[in-house]
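# Observations on chain architecture
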Amino acid sequence: MSAQLDSPLSPPCPFTANDELRHDWTAEEVTALFELPFNDLLFNAQQVHRQHFDANEVQISTLLSIKTGACPEDCKYCPQSVHYNTGLEREKLLPLDTVREAARKAKASGASRFCMGAAWKRPSDRDLEKVIDLVKTVRDEGMETCLTLGMLSDAQAQRLKDAGLDYYNHNLDTSPDYYKEIISTRTYQDRLDTLDHVRQAGMKVCSGGIVGMGESRADRVGLLQQLANLPEHPNSVPINLLVKVKGTPMQDVAALDPLEFVRTIAVARLMMPKSRVRLSAGRNDMSDEMQALCFHAGANSIFYGEKLLTTDNPIANHDMELFQRLGIKPNGKPWVSDAEAQAAAAADGDTTH
Ligand code: SAM
Ligand code: DTB
Ligand code: SF4
């Protein structure tokens, strides 16, 4: 399929013509998408988006760090790496009651999926058993579950699948080329192997990356090319904008042009038309207008709630107000005020707990 758009008027969309999912993108083709005039790119992305999704609906996930800090990996962006001094307080694996409470709160404020993250290189089998109890608890609260625990063996992935886990998040982070500038303790192939194990176990894959780490456009091209050329497109694709954390080697990296971020979302939408593209870390540094453009470009999921794992996220009320201004239905449901959501959840809680 060619990405040529010659007409200065509303160009015909070369992507809506055929419904096939592609896994053979070349760097040249992806670069051509990035190079489209902004309006053509967004017009095409919006058309493709509408073919597969309700364009006015956004899925909502909430994150919880279940084990914080002291991670042996050296990811240069990460406040949780033991290699950098970010002043972060370490925390052992959270007790079950704390997680249950957080899941209830997330559900009450409108999230449909609860994602739990641990600062591990990989979980031990003993840790995995404890985490499985957390997954079962969150499922019992009526939420979808997602974990991100680092690398998984095939047996561990199968164990999680058998326990009922819905999604596993493991990011490729950047292009294969730029990767070696960012992480030395885990290889790109390690990441691909974990994604294989998750997919083969039959779980849904959540995989994306981070932009704004000083990478070039060619690296953003490389990241999206890797993601789209996986044997199956990830079910969800988180696109993180680097949160610059003091004490990490990336604290002073130059900011990415916001319009380049929007382009990245639009290209992800075109290449992986049926995947949820998630506006992930970095929304605190985005204006409402930039986020609106991202939704127009095909983003249709967010992390919601005051905290990501260890850094700040926009407050829930602000997100709901933005959705109301944009006519976006969170999780496909009509917009309700925070007070109404809390009251409904409390009433629900009276009968079910
Ligand atoms: N330790 C596990 C791992 O790396 O697979 C799971 C947790 S880790 C914090 C999950 C993801 O968060 C990373 O892969 C990275 O993409 C993202 N992340 C971490 N720090 C970030 C930052 N400062 N800005 C943006 N994204 C970040
Ligand atoms: C993802 O791609 N982004 C989330 C989630 N998956 C686990 C994590 C973002 C972390 C941002 C830095 C922090 O809060 O520690
Ligand atoms: Fe550890 Fe994950 Fe942070 Fe890398 S991104 S240092 S693996 S917690």
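The rules behind the values
- Note on numbering: residues in each chain are counted from 1, in written sequence order.
- Each chain gets a letter, beginning with A, and each ligand a number, beginning with 1, in the order they are written.
- The predicted origin of the model limits local features to residues at a pLDDT of at least 70 and limits the giving and counting of side-chain atom pairs to 80 or more, whereas totals for whole chains, interfaces and linings rest on all residues.
- Where side-chain values are given, they derive from all heavy atoms of the structure, hydrogens and water being excluded.
- The near set for a molecule or strand comprises every residue that places at least one heavy atom within 4 Å of it.
- Between N or O atoms, a polar contact is any pair within 3.5 Å; within protein, one atom must be a potential hydrogen donor and the other a potential acceptor, and residues adjacent in sequence are included only when both atoms are from side chains.
- Each accessible area is a Shrake-Rupley result for a 1.4 Å probe, and residues are judged covered by the shown protein chains and nothing else.
- Each residue gets one label: Ala, Val, Leu, Ile, Met, Phe, Trp, Tyr, Cys and Pro are nonpolar, Asp, Glu, Lys and Arg are charged, and the others, such as Gly, are polar.
- In this text, helices come from DSSP runs of H or I with a minimum length of four residues, and strands from runs of E with a minimum of two, each type numbered from the N-terminal end.
- Buried, partly exposed and exposed residues are distinguished by accessible area as a fraction of the type maximum, computed with a 1.4 Å probe on protein chains only: under 20%, between the cut-offs, and over 50%, respectively.
- Working definition: rings of Phe, Tyr and Trp (its six-membered ring) pair if their centres are within 6.5 Å, and the pair is stacked with planes under 30 degrees apart, edge-to-face with planes over 60 apart, and tilted otherwise.
- As a reminder, the over-ring test applies to NZ of lysine and CZ of arginine, requiring each to be within 6 Å of the ring centre and within 35 degrees of the ring normal.

In this section: the site of ligand 1. Near ligand 1 there are 17 residues, and of these Tyr77, Thr148, Asn171, Asp173 and Val243 occur at the shortest range. Between Asp173 and ligand 1, the recorded distance is 2.8 Å, taken from a side-chain N or O atom to an oxygen atom. For ligand 1, a nitrogen atom lies 3.0 Å from a polar atom in the backbone of Val243. In the complex, 90% of the free accessible area of ligand 1, which totals 550 Å², lies under the protein chains. When the residues that make up the shell around ligand 1 are grouped by side-chain class, the tally is 10 nonpolar, five polar and two charged.

As a further point, take the site of ligand 3. Cys71, Glu73, Cys75, Tyr77, Cys78, Ser81, Ala119 and Arg186 make up every residue found near ligand 3. Looking at the shell around ligand 3 residue by residue, the classes come out as five nonpolar, one polar and two charged.

Bringing unusual backbone geometry into the picture now. Although it is not a glycine, Ala70 adopts a positive phi angle of roughly 60°. Topologically, Ala70 is positioned in the loop between strand E1 (57-67) and helix H3 (96-108). Residue Ala70 is classed as partly exposed on the basis of its relative accessible area of 32%. The backbone of Asp173 shows a phi angle near 75°, a positive value even though the residue is not glycine. Here Asp173 shows up in the loop between strand E4 (167-169) and helix H6 (176-182). A relative accessible area of 2% places Asp173 in the buried class.

Following the criterion strictly, the structure yields two aromatic pairs and no others. An angle of 85° between the planes, with centres 5.2 Å apart, marks the rings of Tyr179 and Tyr188 as edge-to-face. By the burial criterion, Tyr179 is buried, and Tyr188 matches it. The ring of Trp25 has Arg22 sitting right over it, with the charged end atom 4.1 Å from the ring centre.

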